[in-house]
Amino acid sequence: MKQKKVFKIIAFGLACVSWTNMSNIASAQVKDRLPEEPDYSSADSWYQTIYNGSKVDVFYIAPTCVWDWYNASGNIMHYADVHCEKQRNALLPSLKLAQDIFAKTDNFYAPYYRQITLESWMNGDSIIEHRFTYAMNDIKNAFYYYLTLMNHKRPFILAGFSQGAKAVVELIKTLPDSVCSQLVAAYVIGYKITPEELLQYPTLKAARDSMDTGVIICYNSVSSVEALCTALSPNGICINPTNWRTDTISGQLNDSVSVKIDTLHHVLLVEGLDKQKYFLPSLSKLFKPGNFHLQELLFYRTQLEQNVSLRIKNYLQISNK
């Protein structure tokens, strides 16, 4: 009980700015109906909190997997209900895939949170940013609970895909130096970091090769720049996971598919794929044919698995841990 009380005091202090911002936003718009807030002292609010004795943790934030839904009163809801079994099950494939990629042998922590729904992403930046404030508040609470009571000063990897990647970016913006020193790397997959954010937040450091630490690995894949998603651009950084370069030199995904960076738009150009094969009509408002957003982890699964191990090894050697 004493630990829980300590966490609540810490979390309240860290979250007060967010709560102020939420109040300002809510006063200008119709207040959203929100599902019950997660309690991160309860195991039920986590997909996994696995400690297997590794020297390194992975804190993973899930992507958007929930559509708008109606509560028992018939009200439309734009946020996931972390207590709903059906919605939790929708997250499972993504969470299991991420655990296999990022934490094969490392400790794995993944919170459920009131993520905004897929429809929210189809309604423009103002709706996204307004609603995401609440989702991000959950993530902050989960992360600082993790830091306070689970991490025990171990090095950690931050990773997220899509909406989860957005949350990773927002977390890194606020990390103090003492916590940044524990960061092995951050995987911001399928989201953006704008040039303005790079200038404003010195903690946002782009990866330059396969081994640097304390940096952000970020990319988005398309067949051509015409297929870019407006919610994911403009981006200020990109690294090619097929060769871990940031220039225009092409790498091979396999024998028939090549990948290179468009350095103007900071996006991966993938050549050799049938773009219609990966097109999902239900998400056509977001992703045109030729946008490979839904495949960002699957396409580069092997490269990401190897890279996580390499960066961890390098971090531990540098820090003599």
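Let me begin by describing the structure that accompanies this report. (Residues numbered from 1 in each chain as written. Predicted model: local features only at pLDDT ≥ 70, side-chain atom pairs only at ≥ 80, totals over all residues. Heavy atoms only, no water.)

Of regular secondary structure, the protein possesses eight helices and 12 strands. By the compact-globule yardstick of 20 Å for 321 residues, the protein fits well, its C-alpha radius of gyration being 19 Å. The dimensions of the protein, computed from C-alpha atoms along their principal axes, are 55 × 50 × 35 Å. Within the protein, contacts between residues separated by at least 24 positions form 75% of all contacts whose residues are at least 6 apart in sequence. Summed over its atoms, the accessible surface of the protein is roughly 14,600 Å², and 53% of this surface lies on carbon and sulfur atoms. Between the centroid of the 31 positive side chains of the protein and the centroid of its 29 negative side chains there is a distance of 5 Å. (Helix = DSSP H or I, 4+ residues; strand = E, 2+ residues; numbered from the N terminus. Rg over C-alpha atoms; globule rule 2.2 N^0.38 Å. Contact = heavy atoms within 4.5 Å. Areas by Shrake-Rupley, 256 points an atom, 1.4 Å probe, with all protein chains shown as cover. Lys, Arg positive; Asp, Glu negative; His and termini not counted. Charge placed at Lys NZ, Arg CZ, Asp CG, Glu CD.)

Further remarks concern the nonpolar core. Taken as a class, soluble globular proteins show a tendency for nonpolar side chains to be buried jointly. Trp 46, Phe 59, Phe 143, Tyr 146, Leu 158 and Ile 216 are the most contacted members of the largest nonpolar core, which totals 50 residues. The greatest single-element share of this core, amounting to 13 residues, is contributed by helix α3 (residues 125-149). Of all hydrophobic cores here, the second largest spans 46 residues; its members include Ala 103, Ala 207, Trp 244 and Val 257. (Core = buried A, V, L, I, M, F, W, Y, C linked by side-chain atoms within 4.5 Å. Buried < 20%, exposed > 50% of the residue type's maximum accessible area, 1.4 Å probe, protein only.)

Turning our attention to the pattern of salt bridges. When their charged atoms lie close together, side chains carrying opposite charge are able to pair. Counting across every chain of the model gives 11 salt bridges. When the shortest N-O distance is used, the salt bridge between Glu 197 and Lys 173 registers 2.6 Å. Remark: Lys 173 occurs in helix α4 (residues 163-174) and Glu 197 occurs in helix α6 (residues 195-200); sequence separation between them is 24 residues. Residue Glu 197 is classed as buried on the basis of its relative accessible area, which comes to 14%. (Salt bridge = Lys/Arg side-chain N within 4 Å of Asp/Glu carboxyl O.)

Glancing now at the pairing of strand β2 (residues 57-61). Among the five residues in β2, five count as buried, and that is most of the element. Side-chain alternation along β2 places Asp 57, Phe 59 and Ile 61 on one buried face and Val 58 and Tyr 60 on a second face that is also buried. Bridging between β2 and strand β5 (residues 107-111) involves three bridges; their strand directions are parallel. Bridge pairing links Asp 57 to Asn 107 in β5. Where β2 meets strand β6 (residues 156-161), five bridges bridge the pair, whose relative direction is parallel. Each bridged residue has a counterpart across the sheet, and for Phe 59 the counterpart in β6 is Leu 158. (Pairing = 2+ DSSP bridges.)

With that settled, consider the sheet that holds strand β7 (residues 183-189). Strand order in the open sheet made by the six strands is β1-β5-β2-β6-β7-β8, with mixed pairing throughout. The strands lining the two open edges of the sheet, one partner per strand, are β1 (46-50) and β8 (215-219). When the angles between neighbouring strand axes are averaged without regard to direction, this sheet yields 15 degrees. Running at roughly 25 degrees to β1, helix α2 (residues 85-102) makes contact with β1, β2, β5, β6 and β7 of the sheet. (Axes fitted to C-alpha atoms, helices over the stretch in contact; angles between N-to-C directions.)

Quick look at the packing of aromatic side chains now. Note on aromatic pairs: each is described by the distance of the centres and the angle between the planes. Under the defined criterion, the tally for this structure stands at 20 aromatic pairs. Summarising the aromatic geometry, the rings of Tyr 60 and Phe 102 are spaced 6.0 Å apart at their centres and angled 25 degrees between planes, so their arrangement reads as stacked. Taken together, the residues Tyr 60 in strand β2 and Phe 102 in helix α2 connect sequence positions 42 residues apart. By the ring-pair criterion, three or more aromatic residues cluster together here, those being Tyr 40, Trp 46, Phe 59, Tyr 109, Phe 143, Tyr 144, Tyr 146 and Phe 156. When the ring centre of Trp 244 is taken as origin, the NZ or CZ atom of Arg 311, which lies over that ring, is 5.5 Å away. (Phe/Tyr/Trp six-rings, centres within 6.5 Å; stacked < 30°, edge-to-face > 60°. Lys NZ or Arg CZ within 6 Å of the ring centre and 35° of its normal.)

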